[in-house]
Amino acid sequence: MKDKIRLQPLRVEAGWAIKYNQFYEVDPLKGNESFFEGSSLLMLEDRGRLKLIDVQWRPERNLDGKFQLEVLNFLENYNPKTNELDKDVDWENPFYSFSTKNRLELVEKLEKLMYSLPVEIDSRILIKRGEISEPSESYRLILVKEGISKKLVDKIIKNGNAQIQNLVLDQPDITRKIILNFSKNGVSKKVKNKAKQKLTSKRFKE
């Protein structure tokens, strides 16, 4: 039956590649269950933007389900064996999610995303492109998840690099006491000067 029905037409923007396609010009009606099964219906990627678009139908073969679209980022990780950057999909942290039962609405969304999605900017703390700087990156993840704490600041003062220390200084809920700590014990002159400058602001003046 699938041989007689064409794949869904899509206007694919330059840079995007179709990696997998079982997205047919078929609506979720009785008798069409076989068109709505499998782990993915459509997978598109743009390695320049470091983005992947994955489309599924969930629950599988259930005509009461919906199209589930996720935009995912590629993370660049340095591979010392090949001396190259591996690009791994960050499945755990979708950049964008969308669901609909309407096939044409999905097509419209796909075409808009292919045109408008930004290039991914790596927010991790790196030694160089694709190579994570530890323990500073582990501190950044705790900061994002749990916010500032005395225990975390003490670790960052002791073992963190300038990037994570600057990131802490930029937090909206930072206190004067923490800034004073960085002004005295920051890892670099620039960090110390940044902390001292913050202390002169109206908010943190005594």
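Residues numbered from 1 in each chain as written. Predicted model: local features only at pLDDT ≥ 70, side-chain atom pairs only at ≥ 80, totals over all residues. Heavy atoms only, no water.

Draft legend 1. The layout of surface pockets, seen in detail. The calculated volume of the largest pocket comes to roughly 260 Å³. Lining the largest pocket are 15 residues, and of these Asn73, Leu75, Asp90, Glu120 and Ser123 sit closest to its centre. Where the lining of the largest pocket is concerned, the elements lending two or more residues are strand S4 (66-79) and helix H2 (136-146). Among the elements that make up the lining of the largest pocket, the one with the highest residue count is S4 (four residues). Grouping the constituent residues of the lining of the largest pocket by class yields six nonpolar, three polar and six charged. (1 Å grid on protein atoms, 1.4 Å probe; cavity = no way out; pocket = protein on both sides within 12 Å on 5 of 7 lines; lining within 4 Å. Points joined across faces, edges and corners; volume = space filled by probe spheres on them. Helix = DSSP H or I, 4+ residues; strand = E, 2+ residues; numbered from the N terminus. Nonpolar A, V, L, I, M, F, W, Y, C, P; charged D, E, K, R; others polar.)

Draft legend 2. Region of interest: the nonpolar core. Membership of the largest hydrophobic core comes to 23 residues, with the highest contact counts inside it found for Phe23, Ile53, Val55, Phe67, Leu69 and Leu110. Among the secondary structure elements, those contributing two or more residues to this core are strand S2 (42-46), strand S3 (51-58), S4 and helix H1 (103-116). In terms of residues, this core owes the most to one element, H1, which gives five residues. By size, the runner-up hydrophobic cluster in this structure holds 18 residues, among which are Ile125, Tyr139, Ile174 and Phe204. (Core = buried A, V, L, I, M, F, W, Y, C linked by side-chain atoms within 4.5 Å. Buried < 20%, exposed > 50% of the residue type's maximum accessible area, 1.4 Å probe, protein only.)

Draft legend 3. Fine view of unusual backbone geometry. Of note, the amide linkage connecting Arg58 to Pro59 takes the cis form, showing an omega dihedral of -10 degrees. With respect to the secondary-structure elements, Pro59 resides in the loop between S3 and S4. A cis amide bond links Glu134 with the next residue in sequence, Pro135, at an omega value of 10 degrees. Along the polypeptide, Pro135 turns up in the loop between strand S8 (131-132) and H2. A positive phi angle, near 60 degrees, is found at Leu50, a position not held by glycine. Along the polypeptide, Leu50 turns up in the loop between S2 and S3. The backbone of Asn83 sits at a positive phi, close to 60 degrees, despite the residue not being glycine. By the element assignment, Asn83 lies in the loop between S4 and strand S5 (84-89).

Draft legend 4. Focus on the environment of Phe36. By the secondary structure assignment, Phe36 is in the loop between strand S1 (17-21) and S2. In this structure, the C-alpha to C-alpha distance between Phe36 and Gly65, residues 29 residues apart in sequence, is 9.3 Å. Leave out the neighbours within four places in its chain, and Phe36 touches Val26, Asp27, Pro28, Leu41, Trp57, Glu60, Arg61, Leu63 and Phe67. (Contact = heavy atoms within 4.5 Å.)

Draft legend 5. Examining the pairing of S2 more closely. S2 sits mainly inside the fold: five of its five residues count as buried. Residues Leu42, Leu44 and Asp46 line one face of S2 and the alternating positions Met43 and Glu45 line the opposite face, and both faces are buried. With four bridges joining them, S1 and S2 adopt antiparallel strand pairing. When the sheet's bridge partners are listed, Ile18 is paired in S2 with Leu44. Pairing of S2 with S3, which is carried by five bridges, proceeds in the antiparallel orientation. Residue pairing in the sheet places Leu44 in a bridge with Ile53 of S3. If you look at the hairpin formed by S2 and S3, you'll find four residues sitting between the two strands, and Leu50 has a positive phi there, around 60 degrees. (Pairing = 2+ DSSP bridges.)

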